[in-house]
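Chain by chain, the residues run as shown.
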Amino acid sequence: LAWKHQDGGVERTFDYSNDPKCKEFSCAAFNPTGESVVVGNFDSFYTYTLNNRTETWDDVGVKSVPNLYTVTALAWKHDGSRLAVGALTGVLDQYDACIRRSRYKGKFEFTYVSLSQVIVKRLSNGTRIILKSLYGCEITKINIFQDRYVIGNTSETLLLGDLETLKLSEVQWHAPGKEKFVFDNPSVCMVYHAGELSLIEYGCNEVLGSVRTEHISGHLLSVRINERPPRQASPDDPNAPPEGENKQIAYLLDTQTINVKDLCAQANATVNHDSKVDWLELNSRGNLLLFRDKRRHLHLYDTESQTRHTLLNFCTYVQWVPESDVVVAQNRSNLCVWYNIHAPDQVTVHQIRGDVEEIERGDGRTEVIVDEGISAASYLLDEALIQFGGAIDDRDYVKAIEILETLEMSPEAEGMWRQLSDQAMAHSHIAIAERCAAALGDVSRARYLHRVNKKVTEAGDIGLDHWSVRASMAILQKDLRQAEDVLLAQGQTDDTIAMYKTVHQFDEAIAVAESRKHPDATRMRQDYFQHLLDTRQEEKAAMFKENEQDYDKAISLYLQGGLPAKAANVIKTRNMMGNTQLLDRVATALTSAGLHDRAGEFYEEMDQLQRALDSYQKGNAYRQAVELSRRHFPSQVVELQEAWGDWLVSQKQIDMAINHYIEANCSTKAIEAALNARQWVKAAQFIENLDTESAKPYHKQLARHYEESKQLEQAEKFYVAAQATQLAVEMYTKNNLWEKAHKLATSYMSEREVGMLYISQAQRMEAQGKLKEAERLYLTVNEPDLAINMYKKQRKYDAMVRLVASYRKELLKETHQFLAQHLESEGNLREAEHHYCEAGEWLSAVNMYRSNDVWDEAIRVAKLHGGVNASKRVAYAWALALGGEAGAKLLTKLGLIEPAIEYAMESGAFDHAFELARSSLQRKLPEIHLKHALYLEDEEKYNEAEDEFINANKPREAIDMYVHQQDWANAMRVAETYDPSAVSDVYVAEARAAADRNEYPRAEELFLMASKPELALAMYQDAQMWHEALALTQTHLPHKLAEVNMAYQSAQASRGTGGSKTDFLATGRMWENSKQWSNAVDAYLNARKDALPADELEEIWECAVRIARTELRSRYPEVVMEVTRRLREVRRHEAAAEILREAQQLESAVECAMQGECWEKARELAQGQRALEDRVEKAYQSFLVNAENTDGLLELGHTDAALDVLAKGKEWDRLWEMTTKNRCAAPVLAKYAAVRMQQLLDEGGGRRLDEGVRTLFKYGAPASLQYMDMYRDVTKGVLGRNRVQEEEAEQARTVECLRDVLYKVSTALKGSSGGVDPELEQLLMATHYANLFNKCQTEGGRDMAELATKISITLLRYNTVIPSDKVFYQAGMICKEQNQTNLAFVLLNRYVDLTEAIEEGDAGMIDNADFSAATNVPFTDVLPKWQYLPEESEREGVRDWVLSVCMDASVDAALPPEGQAQGTIYAGLYASDLATCIVTGFPVAKRDEMQVNNSVANKRDWNLLVSKTKACPWTGKAESPAW
């Protein structure tokens, strides 16, 4: 087989001549993609595929099918998933030809037919879409979003498909795979990457359009793709079909700027707004935009006319009604509907309760769904009005009329008729316009249109193009010029003249007649002039004559018509000043008409100067009058200046009057004018020239102005100058500046006067109801009693109590009591209760409620302050007040019957308790009898108590009572009568009483009568009467004889008679001799640790073990356990271990030795047992660790364990000394340096971080990412200090050491793994630049300041490591120092925003618009925990500077574009493809680049720094400048 190029050259050959299985090839078939081919053979077929990387064909393999015979036909399924193979014998086989098949989320199946083709199948219904790369690229990844949209990635393209419409798109795409997909619009997929939003229409293989935006929320994007087509035809063609593409997008350029883009025409419309936009949406045609801002204002923007309207000032919901231009919005409790959005002022309002949820439209109904809390309500919209908007938009005017004719006339309907009329006129639908005019009641317009319509009908086929129709329509539209052109073009001169006459434009009619040389033109002119004279239109007649250049006649007509000014203009323009008589006549007329200034000019022309001056004065033309006076009447200039000023004041032009008063030397009027003109500074300057008395009222006026404008210090100055100190004090008092008021008062007034002033002012405040201010005044002059009395009179008891608590603490309780009693007398029980309780007299509050029969409140107060028992007592008192059954019912109702009975019993009121129980709770009767009996017993009424005990069915308690009283006869009587089982107990009690009296025989007798001989034996044993005990035992308890004997011997031992080692051994041998081995063991075990020394006890107990081992094997384990336990108690662990070893309990023996810390014994026992030996060694090591015996650990060679002990105990000096002594390796030192650092971090960091960093610097830091959290915490802790903390610590040295530590860790990691963790690198670079910044600041000088400025700009990009307010403050301040005012303002303005956000704890307050273009400055939502400048005054200073610079027009408050920033201080704010300088962090141009010590630097900056520091800024090696 051979493959050839198109030019005939052989590309690839496969030779099977040596393969005996391969016969002649019979047929071949390529798959639909052309990437695979199958060739038929005998009993097999061969498969080959195209290798896209090498662009050659590869042999995939051979499919052998025995007995298939020759393959005669091959065919692929159209999607390439199946291969059909036909053979010579008629066999037809079908093969699955996919590469692989997989399932996606259990809902879809992916069948990979080839590398560039995948079949995506929905398992639920079997729908399929073939995802195929038209460019033959391999599909590497497939995702399905919203169970509908398919996204496929190849190396060069992006595949997008819609499983519902089965549309597929493929576009060229080279993004790294971090795209975000938005599927809000079913017609287009929006792909967001790197700040760019690309729109890809399904079914189209090109990107529809791309826009730059950062706001891709569904509320801030609106896309309309061919939902309703645009109007392509001109308005003059009403029958044009709605064809063409309509693809629009509205999006945000920034938070306050909207851009509407036509994706077809690439036209843009920009909407600038003064507030943040939080919602926007286009209508379905894309020509109207609704948007809402953060202030909840709703706006409408028309993209065609580019006009904007404000629809609502408060909007919580807004939406277009689907498939229409109707708007529904909610304004608080109003539902606003605009059926005609082109008339924004015509809105339909519905009252609703709740919030709008959605709009539903279907089946001819449109409903607004409103959530009313419990249920949802629907409000039906007028479907006819909605359809009308659609009809107008589709230019279906007949349907629009049909809709409107069904509606009653309303403001909305009227607006729609007008809209339809305008549209009909614009598109020349005259009949429609006539109907609209009739509906609107415009009869004249309707009649006119009716006539025009008749002309259209008469014109036949020409219709609207007939000249008479066009002329009539131009007249209707008030375009007379066009009508004139149409008529004259048809030679209709008479009709044109008649048209102008009809509208009374005779001038135009005459002009047409003269231009057309009409024979009646002259007559028309004469008739028109005569008409003007007859109708007394002298002005037009004069203008008519003026145009004919008959000026004398024109002047006469102007004067005749009372228009002397126009006559004067004719004289001036035509230079007719030589006619004195005419001038006098005109001047007189001007004077008569009140035009004195013009008359003055004429008088001046006639050299009648006095008359001219008088006329100027009468006409208030003072400028001409002053100029005339200066030339001819100098003595009158001052008088005229004053008059001029007076006139300007009368005309409210006070500013201008000031200078004229000054010219007239009228200082008083000048001051008053300045004050009235609010030119306070100028007035103050004038007042300085007045004497003190004359200036007083003006000083007061100035002071009042400054007081109103809150310039209080200036106001104080003028009040003092006016000797009105009292007013200044009142001013400060009104503004709550009490300290200044008091300081001023004490400076100018006596103490008594101050007191009287404050008291009188406080009384005025009190009269005005300003009690807080009055209180402040009273307290200022140390009169708290007056303030207390004031609040008392005003019944402001809380404030009164507050003052008493502050100034009269000794009267606080008395005050509360007084107020409580007063309020109680007034019936204000709730307030009285409050004060009683505050006084600690809650019982008085309870009694108050009781006396007022408010028992519920009494119970509440008692329970609140006295607890449950107190409330029970009140409830009981209430029941007593009611009495009998009513009281019982009450207590039952309150659920307090049982507590009431309890309280009655506790208080001794048993009769009432019995009454309550019998009526409401009979089950309590036995308990009451019992408690009554106990009460009687306490009262020593024993007989009555006996009866009550019996009634309570408690005879045993009666017996116990008599026993307690030692009344044995009554006790026996009650027992025999009511409880015979207690008879023996009575005997026992009497016996014990006799024993207590040492009457042992009587006691023995009574014990025996009670059948309790064992109690008698115990009595004798307790009394050490062993002979009597033995006698009793022999008679009545013979089975206990041995036990008593043993006890007797023990007693002797305890008394020293037989309690020594010899005694125990003798007793034990006695039992041994009698072969009573068990008793012998017990005898040995009777030896106790408190009686004998440990060594003697050990010898005795070993005898017990010996007997058990040799003679009593059944008890041997028990004895061993007991003896070893006792030996451990007396610290004889070695002996115990030896006994356990003899008992073959080796592990227990070792454990016992280890418990006793007998380590040599433990090693001896464990010898030969490897597991036990290891166990002993581990235990010994743990023992040494717990004992902190580092010397012992070292002897064992456990250096690491010893170091761990020292580290745990925080003995770091010893640890470092030990590491030095033992010459520990560097990794060990680094490990413990990290442990020390982590300890300091756990202790809270702060100043401790300096020690930790120095430790890491000295001993090294571990180069492992498992310590990443520690490096992050220490870096952020050191770099995150505020200014006070930096001043308290050795900040510069610590940062330098930390930088060296991180550099070494980074270098070690890079050498071991070949790469550095990005986060570690970020920490290193932030510390590196912070260190260089400190060095530049320390070195000082102009060059170092320049480097420090650049570095501070670079540190802005590390605001996730260093607090953002710190980096912006440092950068802003150093830019300010370097006179970079523009950049300093931008940075410090950002700092001010950050400080306010930190104070509020809300990062959403920060507006990122100023830095949206600064791609090197990341935005972070994490605010610093504290302010870098702790002092509010320092932050306020920065804020004041920003505000002052903000008002400076020369300061540019925005960053320059990125293109203009290159090579400037702004370059560090923008990301660049250039290398980054290791000194400043700025981009390095190729011409300035310098490679040094595996780093890149700007040559000049590197040399500037090295010339100062003499070391490489990156490696720290010694360096010299390399200019």
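Above: the structure in question.
Overview of the structure. (Residues numbered from 1 in each chain as written. Predicted model: local features only at pLDDT ≥ 70, side-chain atom pairs only at ≥ 80, totals over all residues. Heavy atoms only, no water.)

## Quick word on the overall build of the protein
Okay, so step 1: Check the secondary structure of the protein and you find 68 helices and 40 strands.
Okay, so step 2: Considering only intrachain contacts with a sequence separation of at least 6, the fraction spanning at least 24 residues in the protein is 39%.
Okay, so step 3: Entry remark: accessible area of the protein is about 78300 Å², with carbon and sulfur atoms responsible for 46%. (Helix = DSSP H or I, 4+ residues; strand = E, 2+ residues; numbered from the N terminus. Contact = heavy atoms within 4.5 Å. Areas by Shrake-Rupley, 256 points an atom, 1.4 Å probe, with all protein chains shown as cover.)

## Things to note about the side chain of Ser275
Okay, so step 1: Examined against the element boundaries, Ser275 turns out to sit in the loop between strand E25 (267–272) and strand E26 (277–282).
Okay, so step 2: On the basis of relative accessible area, Ser275 is assigned to the buried category, the value being 9%.
Okay, so step 3: Not counting residues within four places of it along the chain, the set of residues in contact with Ser275 comprises Thr255, Gln256, Asp293, Lys294 and Arg295. (Buried < 20%, exposed > 50% of the residue type's maximum accessible area, 1.4 Å probe, protein only.)

## What to know about helix H42 (residues 1000–1009)
Okay, so step 1: Along H42, the positions that sit buried rather than exposed are Tyr1000, Ala1003, Leu1006 and Phe1007. Down the axis of H42, the smallest arc covering the buried residues is 120 degrees, so these residues share one side.
Okay, so step 2: For H42, the elements touching its buried residues are helix H41 (983–996) and helix H43 (1013–1022).
Okay, so step 3: At the C-terminal side of H42, Ser1011 shows a positive phi close to 60 degrees. (Arc of directions from axis to C-beta.)

## Re the sheet that holds strand E9 (residues 92–96)
Okay, so step 1: Strand order across the open sheet formed by three strands is E7-E8-E9, with antiparallel pairing between neighbours. Unpaired on one side and paired on the other, strand E7 (71–76) and E9 mark the two borders of the sheet. Direction aside, neighbouring strands of the sheet carry axes that sit 20 degrees apart on average.
Okay, so step 2: As defined by bridge partners, E7 adjoins strand E8 (residues 82–87) across five bridges and the pair is classed as antiparallel. Paired with Trp76 across the strands is Leu83, a residue of E8. (Pairing = 2+ DSSP bridges. Axes fitted to C-alpha atoms, helices over the stretch in contact; angles between N-to-C directions.)

## A short note on the sheet that holds strand E36 (residues 376–380)
Okay, so step 1: Reading across the sheet, the three strands line up as E34-E35-E36 and stay open at both edges, with antiparallel pairing between neighbours. Two strands bound the open sheet, and with one partner strand each, they are strand E34 (355–362) and E36. Neighbouring strand axes in the sheet, compared pairwise and without regard to direction, differ in orientation by 25 degrees on average.
Okay, so step 2: Bridge analysis of E34 against strand E35 (residues 365–371) gives seven bridges, and the strand direction is antiparallel. Paired with Ile359 across the two strands is Val368, which belongs to E35.

## Describing the packing of aromatic side chains
Okay, so step 1: In total, this model carries 22 aromatic pairs according to the counting rule given.
Okay, so step 2: Ring centres 6.2 Å apart and planes at 20 degrees place the aromatic pair Phe181 and Phe183 in the stacked group. Across the pair, Phe183 and Phe181 agree in class, each one buried.
Okay, so step 3: Summarising the aromatic geometry, the rings of Tyr1369 and Tyr1428 are spaced 5.8 Å apart at their centres and angled 50 degrees between planes, so their arrangement reads as tilted. With Tyr1369 in helix H64 (residues 1364–1377) and Tyr1428 in the loop between helix H65 (1381–1400) and helix H66 (1432–1446), this pair connects stretches of sequence that are 59 residues apart. With respect to class, Tyr1369 is no different from Tyr1428; both count as buried. (Phe/Tyr/Trp six-rings, centres within 6.5 Å; stacked < 30°, edge-to-face > 60°.)

## Re unusual backbone geometry
Okay, so step 1: We note that Asn226 has phi near 55 degrees; this positive angle belongs to a residue other than glycine.
Okay, so step 2: With respect to the element layout, Asn226 can be found in the loop between strand E22 (222–225) and strand E23 (247–254).
Okay, so step 3: Phi at Gln966 takes a positive value of approximately 55 degrees, unusual for a residue other than glycine.
Okay, so step 4: If you trace the backbone, Gln966 turns up in the loop between helix H39 (955–964) and helix H40 (968–978).
Okay, so step 5: Judged by relative accessible area, which is 46%, Gln966 ranks as partly exposed.

## Describing the environment of Val983
Okay, so step 1: Here Val983 shows up in helix H41.
Okay, so step 2: The class for Val983 is buried, based on a relative accessible area of 18%.
Okay, so step 3: For the pair Val983 and Met972, spaced 11 residues apart in sequence, the C-alpha separation works out to 6.4 Å.

## Considerations on the nonpolar core
Okay, so step 1: Of all hydrophobic cores here, the largest spans 99 residues; its most connected members are Ile1353, Phe1368, Leu1383, Leu1387, Leu1455 and Leu1469.
Okay, so step 2: At 11 residues, H65 tops the list of elements feeding residues into this core.
Okay, so step 3: Counting residues in each nonpolar core, the second largest holds 44 residues, with Ile654, Tyr661, Ile687 and Leu712 among its members. (Core = buried A, V, L, I, M, F, W, Y, C linked by side-chain atoms within 4.5 Å.)

## Looking at the pairing of strand E30 (residues 317–320)
Okay, so step 1: As paired strands, E30 and strand E31 (residues 327–331) are joined by four bridges and run antiparallel to one another. Bridge pairing in E31 links Val318 to Ala329.
Okay, so step 2: Linking E30 to E31, which pair antiparallel, is a turn of six residues; within it Glu323 sits at a positive phi near 60 degrees.

## Here we look at the side chain of Thr33
Okay, so step 1: Following the sequence through the fold, Thr33 ends up in the loop between strand E3 (28–30) and strand E4 (36–40).
Okay, so step 2: Polar contacts involving the side chain of Thr33 include one to the side chain of Asn31, which spans 3.0 Å.
Okay, so step 3: Dropping the residues within four chain positions of it, Thr33 is found in contact with Ser114, Ser116, Gln117 and Lys132. (Polar contact = N/O pair within 3.5 Å; in protein donor to acceptor, adjacent residues only side chain to side chain.)

## What about a negative patch on the surface?
Okay, so step 1: Residues Asp355, Glu357, Glu358, Glu360 and Asp371 make up a contiguous surface patch of negative charge.
Okay, so step 2: Within the secondary structure, Glu357 sits in strand E34.
Okay, so step 3: Relative accessible area serves as the criterion here: at 47%, Glu357 is assigned to the partly exposed category. (Patch = residues over 30% accessible without salt bridge, like charges linked within 9 Å, V, L, I, M, F, W, Y side chains within 5 Å. Salt bridge = Lys/Arg side-chain N within 4 Å of Asp/Glu carboxyl O. Lys, Arg positive; Asp, Glu negative; His and termini not counted. Charge placed at Lys NZ, Arg CZ, Asp CG, Glu CD.)

## A few points about the environment of Glu156
Okay, so step 1: Note that Glu156 resides in the loop between strand E15 (149–154) and strand E16 (157–162).
Okay, so step 2: C-alpha separation for the pair Glu156 and Trp173, spaced 17 residues apart in sequence, amounts to 5.6 Å.
Okay, so step 3: The residues touching Glu156, leaving out its near neighbours within four places in the chain, are Cys137, Val171, Gln172, Trp173 and His174.

## Points about the packing of helix H31 (residues 829–838) against helix H32 (residues 842–851)
Okay, so step 1: Here H31 crosses H32 at 155 degrees, and the two axes come no closer than 7 Å. It follows from the interaxial angle that H31 and H32 lie roughly antiparallel. Crossing of H31 over H32 shows right-handed handedness. Judged by residue contacts, Leu829, Arg830, Ala832, Glu833, Tyr836 and Cys837 of H31 engage Trp842, Ser844, Ala845, Met848 and Tyr849 from H32. (Parallel < 35°, antiparallel > 145°, perpendicular 65-115°, else oblique. Left-handed = near helix turned anticlockwise from the far one by under 90°.)

## Here we look at the pairing of E9
Okay, so step 1: Bridge analysis of E8 against E9 gives five bridges, and the strand direction is antiparallel. Its bridge partner being in E9, Ala84 is matched across the sheet by Gln94.
Okay, so step 2: Two successive antiparallel strands, E8 and E9, enclose a turn made up of four residues, where Gly90 displays a positive phi of approximately 90 degrees.

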